[in-house]
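Summary of the model geometry
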Amino acid sequence: MNFTHPKSLVTQQKSNYLKQFLLPKPLERPPAMGRVVEWVILAATFFFLAVGLAEGATLAGKTLDPSGRVVANVRVRLMHDLAPLEETRSDARGQFVFHHLSPGKYFVVANSPGMSGTSGPFRIARRTEKLTIHLRLRISAVRQQVVVSASLGGALASQLGSSVSVITHRELEDEGVQYLFQALREVPGVVVNETGGPGGVTSVFVRGGSSNYNLVMVDGIPLNEFGGDFDFAPLPASGVERVEVTRGPESALYGSDAISSVINIVTRRGGGPLHFSGLEEVGSHLTRRFATAGSGLTRGISWAYNLSRLDTDGLVQNDQYSDQSAFLTLGYSQNPRRQFRFNFFGNANTAGVPGPFGSDPDHLFPGIDTISRDEQNLFGYGASYAEQITPRFRQVVSADVSLNRYFFVTPFGDSYSHNLRAVVNTQSQIALSSQDFFVAGMEYNREQIKNTYIANANNTPFLLPRTSWAGFAENRWVPGRRFALNAGVRFDDILTHSLPPGAFGSRPLLPASTVTEVDPRISAAYLLRDGESGAIGLTRWHGSFGTGIRAPDGFELAFTNNPHLKPEKSVSFDTGVEQQFFSRRASVDVTYFYNRFKDQIVVLGGSLTNLSSFVSDNLGNSRAEGLEVSMRAQPARSLTVLGGYTFLDTSILALNGADVALAPLRVGQPFFRQPRHSGFFNVTWLHGPLMLNVNGYVRGSVLDLEPNLGLFACAPPSEGGPGLPCMFTNKGYTLANGGFSYQFPAGIQLYGRINNFLNQKYEEALGYPAWKLNFLAGIRFELPAKY
C-alpha cells in the first residue's frame, strides 16, 4: 500500500526475450478481386480529394464587451454539435474567423479575463455560406470552459457531471508560480506535498488517493512511471496554456493509473501572426529563471515553442537545483476537417539531496549528505491525425512515447531507473445527432522498466515489460439545456511478462500472467433551476460513479513469490450542487465524494537478511470520503476572488480475511500526509496596467513518517531495525504570498512577489524545511506588444 512517493526508491527491471514470427506467404488474389480492390481504392481517392478540395463555409465574428466595445485577444472556441472543433483568438479589432466548415450545427464559446460568452446554436446548410456574428461577452465568474481530458473528444465542462477544475495561463502568470504544483494547491480535494525547496520530491494526493493514483499527461502524452509514480517537481509553469484536473476515477477513459484523478497539462499552441516573448527573473537563495517563447502560423503550419531554465542554490550545502524544460507544438491544417499535430516535452534536471535536515524526532539524522545527487531526463513525444470523413464522422489516430530516466549518486553506490511507455490509440467519433455524441476505439499500451535493484539470479538488472490491449466506448447525450448524461466503459487485457528468479533468492521464476479488467463510468448533470438574472441564479446538480485501476509497479512485481498479483482498484462516486448568484457574478459549488480502495498491494513478511520471505499480495483496503467547497466571484471585470475548503476523512481498513491492518499500521488510522482540513484563497485586482495578487493555502496537521527511515524505524532489532517510533504528527501551517505586475508600453512588464510573507516556519513533509520569507522579481517582454 503506497501512501507516499519516495524518490530514493526508484524502480524496476527485466531482461527482454525477443520473439520471431514466420509470416506465411500470402494467398494470391484472383484477378477479378484485384480489379474490384483497384476500383474501391480509386473511388476512395476521389472521395477524399473532393472532401479536401471543397472550400467550405466561413464563420466570422467580433468579440464585444457588455457596453459594445471591442475586446481583443479573446480565446474563441468553435463547437460542432457537442464536440470542440477549432480554436482561435480575436485580433486587435476583436475579429475572428473560422474557414472551411462543413454543413452542420455550430455554436461558439469565448473567454477573456473576467468575462465569458456564448453564441448559437446556428446551422450552416451549404458550403458556400458566410456567416457573421457579434459575440457579446458579459462579466461572469462562470467560465465557458472546454476540457479535453474529462471526456473523449472533449466537451464543455458544464455538460459533464464530473468534478473538473481548470487553471488558466493568466492565473499562473498572475500568481507568479514557477512550477505547476504550486498552482495545484488551489484545486479542491488536492493536497501537494513538497520535500523542501525546488527540486525536492513533490507528490500530489487527490481525494485521499495515493500519490501514484493520478494519471499525468502533457498534451495527452502520459508521463507516469511504470506502476503510476510521478514526481511533479520538474513540471514548469512557463509555456502552459491551462491545466485540467478531473477528480475521480477515469480508468473508463484511460485505463491504469487514472484511479483518483487525471491531470492534463495543455501547452500553448501556434496561430496568428508571429509573436515572441521572454522573461528574466531573480530571487532569494540565488534563484535565477529565464524563459523564451514564440508562436506563429504560416500556410497552414502552426508552431509554438517555450524554453525555460531555473537554477537555485537552496538552503544548505548540496541543496542546489537546476532544470531546463522545453515545449514544442507543430500543427498542420488547411481546414478543420483534416488536422495533424506533433507535441514534444523535455526536461533535464539535477538536484542535490542533502537529506532531511529539519525535524529529527528519533535523533537519527547523521548530518548533511554532501554526496548524494540525482539526475532526471523526462521526455514526451506525441503525434495525432484527425480526419473529418463526413460531417458526422471523425477518425482520430494518435501515438505517444514517454521516457523517464533517473540516475542516482549516493555514498552507498550509484543506481539508475529507466522507464519507457508507448501508446497507440485510434478512435471513431460519431455525432449520432446534434444531441448525441458517441466515441469508440482501441488502444495498445507498452510500458517497461529497467532498474538497478530489480535483478535476476546473477544480480544483473533486466528489462521488465508489460503490454495491454484495450477497447473503449463512451456516449454523451445532451437532449436539451437542462440535462446531460455521459456513460463509458473500457476493457483492459494486461499482460505482465515472465520474471526470472531474483537475486539472493528474493523471487522464484514467475510465469507470464494476464489480467482482464472492466471499468465503467457514468456522470450526469441537471439544471434544478434555470435562470441567470436576479440574486439567485442557475442551480445545477452534478454527480458521477466509476471504478479505477492501478497495475503493480516494478518493485511490487519483483519482490514477491506471488504470480497472481492484480491491479489495485477503486470504487468511487460524488454528488454536488453548483449555485450561481447575482447574474453569474458569483458561483459556489459543494461536492461530497466517497472512495473505496481495495486490492491494495501490501508486502508481508521478510527482512533484510531473508529476502525470499517477502510476499506481495492484494490484501489492503482503505476508505476516503469528504466534502469540497469552492467559490468564485467576479464583482467587477477588474476583481476576481477565489476560495475553497476541503474536509477529508481517511481510514485504513482491515486486511482481507483479517481484523487488523498491516503492522505497524492500525485499523482506522488516517493516511499519511493528507490533512483533515485544508483550504485556499486567491484575490486578483486589475487597474489599468497594474495587477495586484494575494493568495494563500492553509493546511491542518497530518500524520507523517520518521524522516530518516520511515516505517522501518518501527522495525525491531530482530528484523534489522532500531525499534523506535516511526509515526508523528506534523503541525499545520498557513502559506501566504503576494505580488504585483505593471505593464509598460512596448510590451514590457515588471513584476515581483513575496512568498511566505508571514515568514512561517513549516515542513510540508516532516524533516524537510520549506523556504521562509523569500522574494522574486523579474521582467517580461513581448514582441509585438499585446493588444
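Residues numbered from 1 in each chain as written. Predicted model: local features only at pLDDT ≥ 70, side-chain atom pairs only at ≥ 80, totals over all residues. Heavy atoms only, no water.

Observations regarding the overall build of the chain
When you go through the chain residue by residue, the secondary structure sums to 5 helices and 41 strands. Relative to a compact globule of 787 residues, whose C-alpha radius of gyration would be 28 Å, the chain shows 27 Å and is just as compact. With the principal axes as the frame, the chain shows a C-alpha extent of 80 × 80 × 45 Å. The 787 residues of the chain split such that 55% are buried. By sequence separation, contacts in the chain at least 24 residues apart represent 66% of the contacts at least 6 residues apart. Accessible surface, the chain: about 32,200 Å² in total, of which carbon and sulfur atoms supply 62%. Across the chain, the centroid of the 70 positively charged side chains sits 8 Å from that of the 65 negatively charged ones. (Helix = DSSP H or I, 4+ residues; strand = E, 2+ residues; numbered from the N terminus. Rg over C-alpha atoms; globule rule 2.2 N^0.38 Å. Buried < 20%, exposed > 50% of the residue type's maximum accessible area, 1.4 Å probe, protein only. Contact = heavy atoms within 4.5 Å. Areas by Shrake-Rupley, 256 points an atom, 1.4 Å probe, with all protein chains shown as cover. Lys, Arg positive; Asp, Glu negative; His and termini not counted. Charge placed at Lys NZ, Arg CZ, Asp CG, Glu CD.)

Remarks on the sheet that holds strand S4 (residues 95–101)
Here we have 3 strands laid out as an open sheet, ordered S4-S1-S7, and mixed in their pairing. Of all the strands in the sheet, just S4 and strand S7 (130–136) have a single pairing partner and so form its edges. Averaged over all pairs of adjacent strands, the angle between their axes in this sheet comes to 20 degrees, without regard to strand direction. Note: strand S1 (residues 57–64) against S7, 7 bridges, orientation parallel. When the bridges of S7 are listed, Ala60 appears paired with Thr132. (Pairing = 2+ DSSP bridges. Axes fitted to C-alpha atoms, helices over the stretch in contact; angles between N-to-C directions.)

Thoughts on the environment of Tyr416
Tracing the chain through its elements places Tyr416 in strand S25 (residues 415–433). Between the alpha carbons of Tyr416 and Lys450 there is a distance of 8.1 Å; along the sequence they are 34 residues apart.

So, the sheet that holds strand S17 (residues 261–267)
Adjacent strands of a sheet pair through backbone hydrogen bonds, lying either parallel or antiparallel. Overall, mixed pairing links the 5 strands, which are arranged S11-S16-S17-S14-S15 in an open sheet. Strands at the two margins of the open sheet, each flanked by one partner only, are strand S11 (163–168) and strand S15 (221–222).

Brief notes about a nonpolar patch on the surface
Nonpolar side chains collect at one region of the surface, where Leu274, Phe276, Trp685, Leu692, Phe740, Tyr742, Phe744, Ile748, Leu750, Ile779, Phe781 and Leu783 lie side by side and expose about 1,000 Å² of accessible area between them. Mapped onto the nonpolar patch, the elements with two or more residues apiece are strand S39 (733–744), strand S40 (748–755) and strand S41 (774–783). You can see Leu692 is positioned in strand S36 (residues 690–699). Classification of Leu692 as partly exposed rests on a relative accessible area of 34%. (Patch = residues over 30% accessible without salt bridge, like charges linked within 9 Å, V, L, I, M, F, W, Y side chains within 5 Å. Salt bridge = Lys/Arg side-chain N within 4 Å of Asp/Glu carboxyl O.)

Focus: the pattern of salt bridges
As enumerated under the stated definition, the model contains 37 salt bridges in all. For Arg392, the salt bridge is made with Asp81, and the minimal N-O distance between the two is 3.7 Å. Separated by 311 residues along the polypeptide, Arg392 in the loop between strand S23 (373–390) and strand S24 (393–409) and Asp81 in the loop between strand S2 (75–80) and strand S3 (83–89) bring together distant segments of the chain. Close ionic contact of Arg289 with Glu281 constitutes a salt bridge, the shortest N to O distance being 2.9 Å. A relative accessible area of 6% places Arg289 in the buried class. One salt-bridge network, in which partners are shared between bridges, spans Arg207, Arg247, Asp574 and Glu628.

Digging into the state of the cysteines
With the rule as written, the count across this model stands at 1 disulfide. Each sulfur of the disulfide joining Cys714 and Cys726 lies 1.9 Å from the other. Disulfide Cys714 to Cys726: torsion about the S-S bond roughly -90 degrees, handedness left-handed. With Cys714 in the loop between strand S37 (702–705) and strand S38 (727–730) and Cys726 in the loop between S37 and S38, this pair connects stretches of sequence that are 12 residues apart. Judged by its relative accessible area of 26%, Cys714 falls in the partly exposed class. Judged by its relative accessible area of 1%, Cys726 falls in the buried class. (Disulfide = S-S within 2.5 Å.)

Structural notes on the environment of Pro716
Structurally, Pro716 is set in the loop between S37 and S38. Sequence spacing of Pro716 and Gly700 is 16 residues, and the spatial spacing of their C-alpha atoms is 31 Å. Apart from residues no more than four positions distant in its own chain, Pro716 is found in contact with Gly721 and Gly723.

Let's talk about the pairing of strand S31 (residues 568–581)
As paired strands, strand S30 (residues 536–550) and S31 are joined by 13 bridges and run antiparallel to one another. Within S31, the position partnered with Ser544 by the bridge is Asp574. Counting the residues that bridge the hairpin from S31 to strand S32 (residues 586–604) gives 4 residues, and of these Phe582 lies at a positive phi of roughly 50 degrees.

A short note on the packing of aromatic side chains
Scanning the model with the defined rule gives 19 aromatic pairs in all. A centroid spacing of 6.2 Å and a plane angle of 15 degrees characterise the contact between Tyr179 and Phe181, whose relative ring orientation is stacked. Residue classification places Tyr179 among the buried residues on the basis of a relative accessible area of 4%. Take Phe181: its relative accessible area is 3%, and that puts it in the buried class. Above the ring of Phe226, the side-chain terminus of Arg466 is found at 4.0 Å from the ring centroid. The ring of Tyr751 carries the charged tip of Arg780 above its face, separated from the ring centre by 4.1 Å. (Phe/Tyr/Trp six-rings, centres within 6.5 Å; stacked < 30°, edge-to-face > 60°. Lys NZ or Arg CZ within 6 Å of the ring centre and 35° of its normal.)

Things to note about the confidence of the model for the chain
Of all residues in the chain, 91% attain a pLDDT of 70 or more, and the chain-wide mean is 89. Low pLDDT (under 50) marks residues 1–54, which in the prediction has 99 contacts with non-local residues, meaning those over four places away or in another chain. Note on residues 607–613: pLDDT is under 50 here. Beyond four places in sequence and across chains, it has 13 contacts. (pLDDT = per-residue confidence, 0-100.)

Side note on the nonpolar core
Of all hydrophobic cores here, the largest spans 32 residues; its most connected members are Leu184, Phe232 and Val243. Among the secondary structure elements, those contributing two or more residues to this core are helix H3 (180–184), strand S12 (190–194), strand S13 (202–206), strand S14 (214–218), strand S16 (240–247), S17, strand S21 (321–335) and strand S22 (338–352). A per-element tally of this core places H3 first, with 4 residues. Ignoring sequence-local partners within four residues, the contact set of Phe232 consists of Phe181, Leu184, Thr202, Val204, Val216 and Ile263. With 20 residues, the next largest nonpolar core counts Ala57, Leu101, Tyr106 and Leu137 among its residues. (Core = buried A, V, L, I, M, F, W, Y, C linked by side-chain atoms within 4.5 Å.)

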